[in-house]
Amino acid sequence: MLRSLFGKFRDTLLRRPSPEDVQVVLEAGPIAALVTALLAIIFALSYHGEGDGPVVYGWAGATVLLSLFMYLRGRKAARREVAAVSRSGSIRIVVFSLLFASPWSALAFLTLGRTDLAQQMIALMVCAGLCSGAAIVLHRTLLAATAYFGVVLLSVIAAFALRGQTDMWPVTIYVVLYGLSLLALAFLTARMSKAQETSNNELSELADDLHAAHEEISVMAFVDPVTDLPNRSVFGRQVHEQIARAEEGQGFAVFLLDLDGFKNVNDGIGYHAGDQLLQVVATRLREALGPDDEVARLWADEFALVVKGVDEQAALKRAAGIINSVSKPAMIDERAIYPNASIGGALYPRDGETEHELIRKANIALHRAKENGRGRCVLYTGAMSARIAEIDRIEHDLHVALLEGQIEIHYQPKIDLETGAPLGAEALVRWNHPKGGVLTPDQFLGVAAERGMMLDVSSHIFEVIARDIVAWRDAGAAFGKIAINIHPLDLKSPTGLLANLRRLLTAGVRQSDVVIEITEGCFVGRDTDEAAIALDAIHEMGFELALDDFGTGHASLSHLRKLPIHELKIDREFVSGICHNQHDLAIVSATIEIARCLDLRTVAEGVETAEQIAALREVGADIGQGYHWCKPVPAAEYLAFFEGQRTVASAPPPLARLASDHKTP
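Residues numbered from 1 in each chain as written. Predicted model: local features only at pLDDT ≥ 70, side-chain atom pairs only at ≥ 80, totals over all residues. Heavy atoms only, no water.

(A) Region of the structure containing the sheet that holds strand S1 (residues 252–260). Judged by pairing direction, the sheet is mixed, and its 5 strands sit side by side in the order S2-S3-S1-S6-S7 without closing on themselves. At either margin of the open sheet sits one strand with a lone partner, and together these are strand S2 (294–299) and strand S7 (377–379). Within this sheet the neighbouring strands show an average axis-to-axis angle of 20°, counted without direction. In this sheet, strand S6 (residues 340–348) lies alongside S1 in antiparallel orientation, the contact comprising 9 bridges. Looking at S6, one finds that valine 254 is bridged to alanine 346. Taken strand by strand, helix H11 (residues 312–326) contacts S1, strand S3 (302–308), S6 and S7, and its axis lies near 155° from that of S6. In this fold helix H12 (residues 355–371) packs onto S1, S3, S6 and S7, with an angle of close to 145° to the strand it touches most, S6. (Pairing = 2+ DSSP bridges. Helix = DSSP H or I, 4+ residues; strand = E, 2+ residues; numbered from the N terminus. Axes fitted to C-alpha atoms, helices over the stretch in contact; angles between N-to-C directions. Contact = heavy atoms within 4.5 Å.)

(B) Seen up close, a negative patch on the surface. Together, Glu202, Glu205, Asp208 and Asp209 make up a negatively charged patch on the protein surface. On the secondary structure map, glutamate 202 appears in helix H7 (residues 168–222). (Patch = residues over 30% accessible without salt bridge, like charges linked within 9 Å, V, L, I, M, F, W, Y side chains within 5 Å. Areas by Shrake-Rupley, 256 points an atom, 1.4 Å probe, with all protein chains shown as cover. Salt bridge = Lys/Arg side-chain N within 4 Å of Asp/Glu carboxyl O. Lys, Arg positive; Asp, Glu negative; His and termini not counted. Charge placed at Lys NZ, Arg CZ, Asp CG, Glu CD.)

(C) Fine view of helix H13 (residues 382–404). Its 23 residues give H13 an end-to-end C-alpha distance of 33 Å, which sits within 8% of 33 Å, the value for a rise of 1.5 Å per residue. Along H13, the residues classified as buried are Met384, Ile391, Ile394, Glu395, Asp397, Leu398 and Ala401. Looking at the buried residues of H13, the elements they touch are H12, S7, strand S8 (407–416), strand S9 (422–433), helix H14 (445–450) and helix H15 (454–474). Among the residues trailing H13, glycine 405 stands out with phi positive, at a value near 75°. (Expected span 1.5 Å × (residues − 1). Buried < 20%, exposed > 50% of the residue type's maximum accessible area, 1.4 Å probe, protein only.)

(D) Highlighting a nonpolar patch on the surface. Residues Ile173, Tyr174, Val176, Leu177 and Leu180 make up a contiguous nonpolar surface patch of roughly 500 Å² in combined accessible area. The residue leucine 180 is located in helix H7 in this model. Leucine 180 gets classed as partly exposed once you look at its relative accessible area, which sits at 47%.

(E) Fine view of the pairing of strand S13 (residues 544–550). In terms of burial, S13 is a largely internal element, 5 of the 7 residues being buried. With 5 bridges connecting them, strand S12 (residues 514–519) and S13 associate as parallel partners. Within the sheet, the bridge partner assigned to threonine 519 lies in S13 and is aspartate 548. Taken together, the 3 bridges between S13 and strand S14 (residues 567–570) define a ladder with parallel strand orientation. What sits directly across from phenylalanine 550, in S14, is isoleucine 570.

(F) Up close: the pattern of salt bridges. Inspection of the entire model under this criterion finds 24 salt bridges. Among the ionic pairs, aspartate 260 bridges to lysine 370, the shortest N-O distance being 3.0 Å. Taken together, the positions of aspartate 260 in strand S1 and lysine 370 in helix H12 put the pair 110 residues apart, joining distant regions of the chain. Each member of the pair, aspartate 260 as well as lysine 370, is classed as buried.

(G) How the structure looks around the packing of aromatic side chains. Summed over all chains, the structure comprises 7 aromatic pairs. Note on phenylalanine 252 and tyrosine 348: the rings are 4.9 Å apart at their centroids and 20° apart in plane angle, and the pair reads as stacked. Remark: tyrosine 348 occurs in strand S6 and phenylalanine 252 occurs in strand S1; sequence separation between them is 96 residues. Residue tyrosine 348 is classed as buried on the basis of its relative accessible area, which comes to 16%. Ring centres of tryptophan 472 and tyrosine 638 lie 5.5 Å apart, and the angle between their planes is 50°; this geometry places the pair in the tilted category. Within this pair, whereas tryptophan 472 is found in helix H15, its partner tyrosine 638 is found in helix H23 (residues 635–650), the two being separated by 166 residues in sequence. Of the two residues, tryptophan 472 and tyrosine 638, both sit in the buried class. Connected via pairs of aromatic rings, a cluster forms that spans Tyr411, Trp472, Phe479, Tyr638 and Phe642. Against the face of phenylalanine 222 rests arginine 237, its NZ or CZ located 5.5 Å from the ring centre. (Phe/Tyr/Trp six-rings, centres within 6.5 Å; stacked < 30°, edge-to-face > 60°. Lys NZ or Arg CZ within 6 Å of the ring centre and 35° of its normal.)

Have a look at this one:
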């Protein structure tokens, strides 16, 4: 331990002082010079009338002059900031310490052993006090401190020895012990001072880091990192401030802008390209707005804007200009991308007097703009809120309907046009609403898709169909092949759909019991790749596929070429005019010929008259479905119809009509 302590002391003694150490000494130098001069004057005055007075006066005068010189040098040095300490600089500090010590070293020789005891005691006290002061003032430069009080204390020993004092050993021991204690004091004070300085520096660095982190967190909390625009939380405050500053009769518009087809950029090129496009759009929005307008990025590809001083017509005009600015081609990764945008807007104070109300209504208008074909601006109207309220009501009632079993399945038979024999049915969902009566899919499935309930509705439909098929088989009844319609949203999110099909098989339904019907809406918009993969998986599971509403969608022939289709359904739009419209007849005939060449079954929907049946037979259609035979009916009625139609089909008389000849709704 002593060896370690001695090593630390030696290292501290020989270590070159830091700029901070020297700065402390320089700042204390002028004060030390003044104290030295004052003590010299006081000591000289104590010799008034003594025989050695002239000698002491001369010593005091020299000391005062030296102190004045040291004071002036110290003031000049203290004003400079020390950046680095050289070896010669370290030596100069020791030299100046020796100069400070020289008057008191000389005083020891002048007084000790020559004057009366009182004067000697004063001299010893002054020398001891100055040595203690030097240990404190010079503790940051331990070598200079040691040089100061070492010279003074050694002079005390030498002065007693030269005067022939007897019993020198007590004085020597006292002085040595005093000097060692001063060394220890200076060493420990220096260590404590350095430790405190290190702690202060660390605290200062920590404070700087915390300040920088606070600024970074502030930026992250309020600034979008991709576009450098204000974020969602800031925008709400901006709208609130605009409301507070708006003068009487002065309005503004809140716009929500959404990029159309932005997901295709992320999926087709990559997220880095999507970020670059967002940056381009942010720049264009800044340029399109006035100096007092506001713009922020809310999330993903949605931006928000505040446009001041506009009425309805001016707001529409400004929005059209913003869409035109955004829609210019953008070069991303050396590829030209053609962005487009839809805008929904709300006006203050017409549409709301709070930021939450204005943003909510602008969002409603944005949804209407996208529903109306995208690439346009729609301003909020009261009718939109009524529609939202209606959708909210349908969503609520639909949750209740699933819990209480109000969602039912009706079956519309499919008939062999040549023989009149029943071949199966299409399963059609119906909602037996306690207040609204029986609702068809177009009255609630859109809401289910929009509000994220499609998977729950589809699972319920599959469950009911599986229960009916298993019950029919257990009863030994014939029921044919049941067609199940797949919503486009289910096909584009195939995990739930494939799980439902597997549950069909687990429940006891065979692949030959059902055919899966899809529409061309499954191949329009986003996630069409997932739809194609899902169809391949359905085909590999052993299920047949039917393409519904053929001819009314997009790129039908292309789908026939690529998809594993077994059955083609001709839309009622063409079947209804087959007897009196040559164009409809030509389309139906061409469709049947294409199906025959591709070895596909054809099903004509919406058959309502005997004349239509005759025309369909003539052009070679295979199967018919419509009110001519039967409307969609519950499971028990379908089973009864199936048995009755089999009997009719096997009897010699012509095919009988079981349902009245009225129009399909």
